[in-house]
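Each chain, written out:
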Amino acid sequence: MTQDEMKKAVGQAALAYVQPNTIIGVGTGSTVNCFIDALASIKDQIKAAVSSSEASTARLKALGIPVVDLNDVTEFDIYVDGADEINPHMEMIKGGGAALTREKIVAAVAKRFICIADATKQVDVLGKFPLPVEVIPLAREYVARELRKLGGNPVYREGVITDNHCQILDVHDLQITNAKAFELVVNQIPGVVTVGLFASRGADVALIGSPEGVATITK
């Protein structure tokens, strides 16, 4: 299978976790777009979706899938999203699509996080993919200086404004061996909205696409 075919395969496989007459949490990105397209085939069986980005909301609505505000939902069973990297502990780097803050919020409400990704996203140590950090614009250079003290090389993602009207620093040259601790440290820097480490709330199930098919990994 090609990478696109692997994305479609894991998107289709995630349908097995969708329960009838429920609300579904939906993430952002090219792999999630495959899940959204697959979800359209059973749209009459679900109540609605909660979306983590304006882009996903638009795609869901275009396919006739109703989208509800997270503030109107107490909880829901599953959140389906991709990853830029995922390690054997089911910890992830996310935010390549600049939706990390809303993704983290929606994931926090879900009972289970279903990560869908192709095998190229599996790593032993997080950090080869630059770690996204969403920041208040006023604090961007201050946060960058603090991130350098932590051993990273932050680069401003120019021309990108998040759905929250904030900016992104992509932190290069990291090897994150204790993801939970590093997530906490970065989140405590004044001016950080959130860091794209999903360690304290990692994935519960990973559906990993490869040329051989889809593998299921559970925590």
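Criteria and cut-off values
Residues numbered from 1 in each chain as written. Predicted model: local features only at pLDDT ≥ 70, side-chain atom pairs only at ≥ 80, totals over all residues. Heavy atoms only, no water. UniProt positions renumbered as here; feature names shortened; annotations may be inferred. Domains from an automatic or database assignment. Contact = heavy atoms within 4.5 Å. Buried area = accessible area lost by both parts, 1.4 Å probe. Salt bridge = Lys/Arg side-chain N within 4 Å of Asp/Glu carboxyl O. Helix = DSSP H or I, 4+ residues; strand = E, 2+ residues; numbered from the N terminus. Nonpolar A, V, L, I, M, F, W, Y, C, P; charged D, E, K, R; others polar. Buried < 20%, exposed > 50% of the residue type's maximum accessible area, 1.4 Å probe, protein only. Polar contact = N/O pair within 3.5 Å; in protein donor to acceptor, adjacent residues only side chain to side chain.

- As recorded by an unreviewed UniProt entry, the protein carries the name Ribose-5-phosphate isomerase A and is attributed to Tolumonas osonensis.
- Reading the Function (unreviewed entry) entry of the UniProt record for the protein gives the comment "Catalyzes the reversible conversion of ribose-5-phosphate to ribulose 5-phosphate."
- The record in UniProt for the protein states the following under Catalytic activity (unreviewed entry): "aldehydo-D-ribose 5-phosphate = D-ribulose 5-phosphate".

### So, the domain arrangement of the protein
(1) Moving on: Domain boundaries assigned for the protein yield domain 1 (3-119 + 200-218) and domain 2 (131-196).
(2) Moving on: Domain 1 and domain 2 are separated by 24 Å when their C-alpha centres are compared.
(3) Moving on: Contact with domain 1, which involves 15 residues of that partner, is made by 19 residues of domain 2.
(4) Moving on: Each partner contributes to the roughly 1300 Å² buried at the junction of domain 1 and domain 2, and carbon and sulfur atoms together form 48% of this total.
(5) Moving on: When residues of domain 1 are sorted by the area they lose upon contact with domain 2, Leu100, Thr101 and Lys104 head the list and together hold 35% of the total.
(6) Moving on: Counting across the domain 1 and domain 2 interface gives 2 salt bridges.
(7) Moving on: The salt bridge involving Glu183 is made with Lys104; its shortest N-O contact spans 2.8 Å.
(8) Moving on: Looking at the side of domain 1 that touches domain 2, the element that brings in the most residues is helix α4 (residues 100-109), giving 4 residues.
(9) Moving on: Here the residues of the side of domain 1 that touches domain 2 sort into 4 nonpolar, 6 polar and 5 charged.

### Thoughts on the side chain of Thr162
(1) Moving on: Tracing the sequence through the fold places Thr162 in the loop between β8 (153-156) and β9 (167-172).
(2) Moving on: Residue classification places Thr162 among the buried positions, given a relative accessible area of 4%.
(3) Moving on: With residues near it in sequence (within four places) discarded, Thr162 still touches Ala98, Glu134 and Ile168.

### Observations regarding the UniProt feature "active site" (unreviewed entry) in the protein
(1) Moving on: Within the UniProt annotation, "active site" (unreviewed entry) is assigned to Glu103.
(2) Moving on: Residue classification places Glu103 among the buried residues on the basis of a relative accessible area of 3%.
(3) Moving on: Those residues within four positions of Glu103 in sequence are excluded, and the remaining contacts are Thr28, Ser52, Tyr79, Asp81, Lys94, Gly95 and Phe198.
(4) Moving on: Looking at Glu103, its side chain comes within polar contact range of the side chain of Lys94, at 3.3 Å.

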